[in-house]
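Overview (structure and organization)
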Amino acid sequence: MNNIITKKEAKAQGLKRYYTGKPCKRGHVAERLVNNRSCVECDKERWNDYRRDNAGKIKDYRRDNAEKAKKYAKEYYRDNVDRIKGNMKDYQKENAAKFNFHSKNFQLKERTLGGRYNENILKYYEESNRLTQETGIQHNVDHIVPLNGEKVSGLHVHWNLRVVTEKDNKIKSNKIIEELVND
């Protein structure tokens, strides 16, 4: 169960909730919010009641505001296209590894394991970027088992990646490494 703590103690510790062990006016023995002393269970019930009673209004509000947001975004982009593109180029230069990682993961989302190993994959893109900057020779992240091989298709996962020079990556193309040895 929860440890009993006063609102004052919770506030001093920077907590958002506290627990008195006493029932609220509706009989819930639950945590309470520091900012307004309301029972968490009562808040859930009130929110569920509101959503049930106003489902149509909420849906209309979301639809109307989505249309307004799309219109605003198009206008903003049209008015600021040069600045946006300049910022994107700056971001790509400053964060080349992350940019390449995210764009590759987006392109290959059906070839990943649901983002479970993203931090391990990112390390390969960081290493590729580091080697390119240090040596002046372009390096790429290569799939050991190609994604679109002739005999087999690999996955975009960290155990199927390695960092190689761009030249070696082009020579390998979509072959498996063992195929290169036998050629």
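Our subject is the structure listed above.
Residues numbered from 1 in each chain as written. Predicted model: local features only at pLDDT ≥ 70, side-chain atom pairs only at ≥ 80, totals over all residues. Heavy atoms only, no water.

**Details of the environment of Thr 135**
Just so we agree on the cut-off: By the criteria applied, helices consist of DSSP H or I runs no shorter than four residues and strands consist of E runs no shorter than two, each listed in order from the N terminus. Here a polar contact is taken to be a pair of N or O atoms separated by no more than 3.5 Å, where protein atoms must pair a possible hydrogen donor with a possible acceptor and residues adjacent in sequence count only if both atoms sit in side chains.
Along the chain, Thr 135 turns up in helix H5 (residues 118–135). From its side chain, Thr 135 meets the backbone oxygen of Leu 131 in a polar contact 2.6 Å long. There is a polar contact of 3.1 Å between the side chain of Thr 135 and the backbone nitrogen of Ile 137.

**As for the nonpolar core**
Cut-off, in case you're wondering: Residue types Ala, Val, Leu, Ile, Met, Phe, Trp, Tyr and Cys, when buried and joined through side-chain atoms within 4.5 Å, form a set referred to as a nonpolar core. To sort residues, take the accessible area from a 1.4 Å probe on protein chains only and compare it with the maximum for the residue type: under 20% means buried, over 50% means exposed, and anything in between is partly exposed. Throughout, a residue-residue contact means that at least one pair of heavy atoms, one from each residue, lies within 4.5 Å.
In terms of nonpolar packing, the biggest core is built from 7 residues, these being Ala 97, Phe 101, Ile 121, Leu 122, Tyr 125, Val 141 and Leu 161. Those elements giving two or more residues to this core turn out to be helix H4 (96–107) and H5. Counting residues per element, this core draws most heavily on H5, which supplies 3 residues. Look past the residues within four positions of Tyr 125 in its chain and what remains in contact with it is Ala 97, Asn 100, Phe 101, Lys 104, Val 141 and His 156.

**A closer look at the pattern of salt bridges**
Just so we agree on the cut-off: Whenever Lys or Arg places a side-chain nitrogen within 4 Å of a carboxyl oxygen from Asp or Glu, that contact is recorded as a salt bridge.
In this structure the tally under the stated criterion is 13 salt bridges. Its salt-bridge partner being Glu 31, residue Arg 17 comes within 3.1 Å of it at the nearest N-O pair. Of this pair, Arg 17 sits in strand E1 (residues 17–18) while Glu 31 sits in the loop between E1 and strand E2 (32–33); the two residues are 14 residues apart in sequence, bridging distant segments of the chain. In this structure Glu 31 comes out as partly exposed when scored by relative accessible area, which is 25%. As a salt-bridge pair, Arg 46 and Asp 43 come within 2.3 Å of each other at their nearest N and O atoms. Taken together, the residues Arg 46 and Asp 43, both in helix H2 (residues 40–53) and 3 residues apart, mark about one turn of the helix. A relative accessible area of 24% places Asp 43 in the partly exposed class. Taken together, the shared-partner salt bridges in this structure form one network comprising Asp 49, Arg 52 and Asp 53.

**Overview of the pairing of strand E3 (residues 139–143)**
Judged by how many residues are buried, E3 sits mostly within the fold: 5 of 5 residues are covered. Across the two faces of E3 the burial is the same, with His 139, Val 141 and His 143 and Asn 140 and Asp 142 all buried.

**Looking at the environment of Glu 67**
Mapped onto the fold, Glu 67 is located in helix H3 (residues 55–94). Taking relative accessible area as the criterion, Glu 67 reaches 49% and is therefore assigned partly exposed. Distance from Glu 67 to His 28, taken between C-alpha atoms, is 41 Å for residues 39 residues apart in sequence.

**Some remarks on unusual backbone geometry**
With a phi close to 65 degrees, Arg 37 is a non-glycine residue in the positive phi region. Assignment of secondary structure puts Arg 37 in the loop between E2 and H2. Exposure remark for Arg 37: the relative accessible area of 54% places this residue in the exposed category. Its identity as a non-glycine residue notwithstanding, Ser 173 has a phi of 55 degrees, on the positive side. The residue Ser 173 is located in the loop between helix H6 (166–172) and helix H7 (177–182) in this model.

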